[in-house]
Amino acid sequence: MAEQSRRLFLALWPEPALAERLHQLAGEAHRECGGRIMRRETLHLTLAFIGAVGEERLPELLTTLGRLRAPRFRMQLDVLGHWAHNHILWLGCTDAPPALPQLAADIRRELAAIGLPVSGPEFVPHMTLLRKAHVPRELPVFEPADWAVAEWVLVESRMTPHGADYQPLATWALD
Ligand code: ATP
Ligand code: MG
C-alpha cells in the first residue's frame, strides 16, 4: 500500500484576539480590493513551506524541529501591500525583528539537514489577508498591531472545497 503523504508547513499563528483584529482590517481592505477574505482562523505567517512529506518521516521531523532553540520576539504589523504576480493583499512589517528571518533560516537549515529542502522564494514575512485582490487605489489607514510571538507551529494543510483547512500538528515555545 502506498505511504500517505501530508502537506506541511511551519508558521506563526496569531492568538484569536489578534486574528480577529486582523480579520477586521482584511474586511476594510476588501471593500477597496475585493477578492476572497482569509477566514479568521486561517490567518497565519508562513515561516517555511515543506510540501508533501511521507507519513513515515513525521517522527524524525518532529524530533529535529523540536530541538531547535530560538528567542521570542515582538513585531509590529504595520504595512499593507499588494503583489501583482499572485493578487495577494498582505499585512507585514516595515522593520522585521532579526529573530524572525533567523527563525525561518534555522528551520530551513534543520529541514535541509534531514533531506527536506525548502524550495520556493526567499523568506518575505507576510500574512495573506485577501486572495484574488485587485490592485488597490488606496489602502486603509490602520493602527499597527503589536504581535508578541511566543511559539511556532507545524501545520498540515488539507484542500477542501472552501479552501485550505489547516490542522496544527505540533507547537513549540520560543525561549
Ligand atoms: P490554497 O493553496 O488552497 O489557496 P494556501 O496557499 O493557503 O491555500 P497551501 O498551498 O497549503 O495553502 O499553503 C500553506 C502555506 O504555505 C500558505 O501560507 C502558502 O502561502 C504557503 N506556501 C504554499 N506554497 C508555497 C511555496 N511554494 N513557497 C512558499 N510558500 C508557500
Ligand atoms: Mg497554496
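Keep in mind that this is a model prediction, so the values were computed, not measured.

Undergrad: Explain the packing of helix 2 (residues 58–66) against helix 3 (residues 99–113) here, please?
TA: The relative placement of two packed helices comes down to the angle between their axes together with the axis-to-axis distance. As a packed pair, helix 2 and helix 3 sit with axes 10 Å apart at the nearest point and diverge in direction by 140 degrees. By the angle between their axes, helix 2 is oblique relative to helix 3. For helix 2 against helix 3, the interelement crossing comes out right-handed. In this structure, helix 2 uses Leu61, Thr64 and Leu65 to contact helix 3, whose residues at the interface are Ile107, Glu110 and Leu111. Of the residues in the contact of helix 2 with helix 3, the class split is four nonpolar, one polar and one charged.

Undergrad: In this structure, what is going on with the pattern of salt bridges? I would like to understand it.
TA: Two side chains with opposite charge may pair up if their charged atoms get near one another. Considering all chains together, one arrives at 12 salt bridges under this definition. The partner of Arg109 in a salt bridge is Asp106, and the shortest N-O contact between them spans 3.0 Å. Separated by three residues within a single helix, Arg109 and Asp106 lie in helix 3, roughly one turn from each other. Arg158 is the partner of Glu156 in a salt bridge, and the nearest nitrogen-oxygen pair spans 3.6 Å. In this structure Glu156 comes out as buried when scored by relative accessible area, which is 6%. Here the salt bridges share partners, and the residues they tie into one network are Arg6, Glu55, Glu156 and Arg158.

Undergrad: Hey, could you run me through the packing of aromatic side chains in this one?
TA: Two aromatic rings are characterised by how far apart their centres lie and by the angle between their planes. Here the structure, examined in full by the defined rule, presents four aromatic pairs. Look at Trp13 and Tyr166: their rings are 5.7 Å apart centre to centre, the planes differ by 75 degrees, and that puts the pair in the edge-to-face class. Note that Trp13 is positioned in the loop between strand 1 (5–12) and helix 1 (16–33) and Tyr166 in strand 10 (residues 163–173), a separation of 153 residues in sequence. Both rings, one in Trp83 and one in Trp90, keep their centres 5.2 Å apart while their planes meet at 40 degrees; by these two values the pair is tilted. Each member of the aromatic cluster is reached from another via a ring pair, and the members are Phe9, Trp13 and Tyr166.

Undergrad: What's the story with the nonpolar core in this structure? I'm lost.
TA: If you look at soluble globular proteins, the nonpolar side chains tend to sit buried side by side. Ranked by size, the top nonpolar core spans 54 residues in total, and within it Leu10, Leu12, Leu47, Leu61, Leu103, Ile107 and Trp152 carry the most contacts. For this core, the element with the highest residue contribution is helix 1, accounting for six residues. What Leu10 contacts, discounting residues up to four positions off in sequence, is Leu45, Thr46, Leu47, Ala48, Ile50, Leu65, Ile107, Leu111, Trp152, Val153, Leu154 and Trp172.

Undergrad: Teacher, can you tell me more about helix 1 here?
TA: Owing to its 3.6 residues per turn, the α-helix brings residues three or four apart onto one side. Taking 1.5 Å of rise per residue, the 18 residues of helix 1 would be expected to cover 26 Å, and the 24 Å separating its terminal C-alpha atoms lies within 8% of that figure. Among the structural elements, strand 2 (36–37), strand 4 (73–77), strand 5 (79–83), strand 6 (88–92), strand 7 (127–131) and strand 8 (145–149) are those in contact with the buried residues of helix 1. Positive backbone phi, at 65 degrees, marks Gly34, one or two positions downstream of helix 1.

Undergrad: Any chance you could explain the state of the cysteines here in plain terms?
TA: What we call a disulfide is simply a covalent bond connecting the sulfur atoms of a pair of cysteines. Counting across every chain of the model gives zero disulfides. Free cysteine: Cys33, not disulfide-bonded; nearest cysteine sulfur from Cys93 at 19 Å. A residue is classified by how much of its surface remains accessible, and Cys33, at 0% relative accessible area, is buried. Among the residues examined, Cys93 registers a relative accessible area of 14% and is labelled buried.

Undergrad: I would appreciate a short explanation of the site of ligand 1 in the present structure.
TA: Surveying the vicinity of ligand 1 reveals the residues Arg7, Phe9, His44, Thr46, Phe49, Pro121, Arg131, Ser157, Met159, Ala164 and Tyr166. Tyr166 is positioned such that a nitrogen or oxygen atom in its side chain is 2.2 Å from an oxygen atom of ligand 1. Protein burial of ligand 1: of its 590 Å² of free accessible surface, 69% is covered by the chains. For the shell around ligand 1, the elements supplying multiple residues, two or more each, are strand 1, strand 3 (45–54), strand 9 (151–160) and strand 10. Considering only residue class, the shell around ligand 1 consists of six nonpolar, three polar and two charged.

Reading the values: rules and limits
Residues numbered from 1 in each chain as written. Chains lettered and ligands numbered in written order. Predicted model: local features only at pLDDT ≥ 70, side-chain atom pairs only at ≥ 80, totals over all residues. Heavy atoms only, no water. Axes fitted to C-alpha atoms, helices over the stretch in contact; angles between N-to-C directions. Helix = DSSP H or I, 4+ residues; strand = E, 2+ residues; numbered from the N terminus. Parallel < 35°, antiparallel > 145°, perpendicular 65-115°, else oblique. Left-handed = near helix turned anticlockwise from the far one by under 90°. Contact = heavy atoms within 4.5 Å. Nonpolar A, V, L, I, M, F, W, Y, C, P; charged D, E, K, R; others polar. Salt bridge = Lys/Arg side-chain N within 4 Å of Asp/Glu carboxyl O. Buried < 20%, exposed > 50% of the residue type's maximum accessible area, 1.4 Å probe, protein only. Phe/Tyr/Trp six-rings, centres within 6.5 Å; stacked < 30°, edge-to-face > 60°. Core = buried A, V, L, I, M, F, W, Y, C linked by side-chain atoms within 4.5 Å. Expected span 1.5 Å × (residues − 1). Disulfide = S-S within 2.5 Å. Near = heavy atom within 4 Å. Polar contact = N/O pair within 3.5 Å; in protein donor to acceptor, adjacent residues only side chain to side chain. Areas by Shrake-Rupley, 256 points an atom, 1.4 Å probe, with all protein chains shown as cover.

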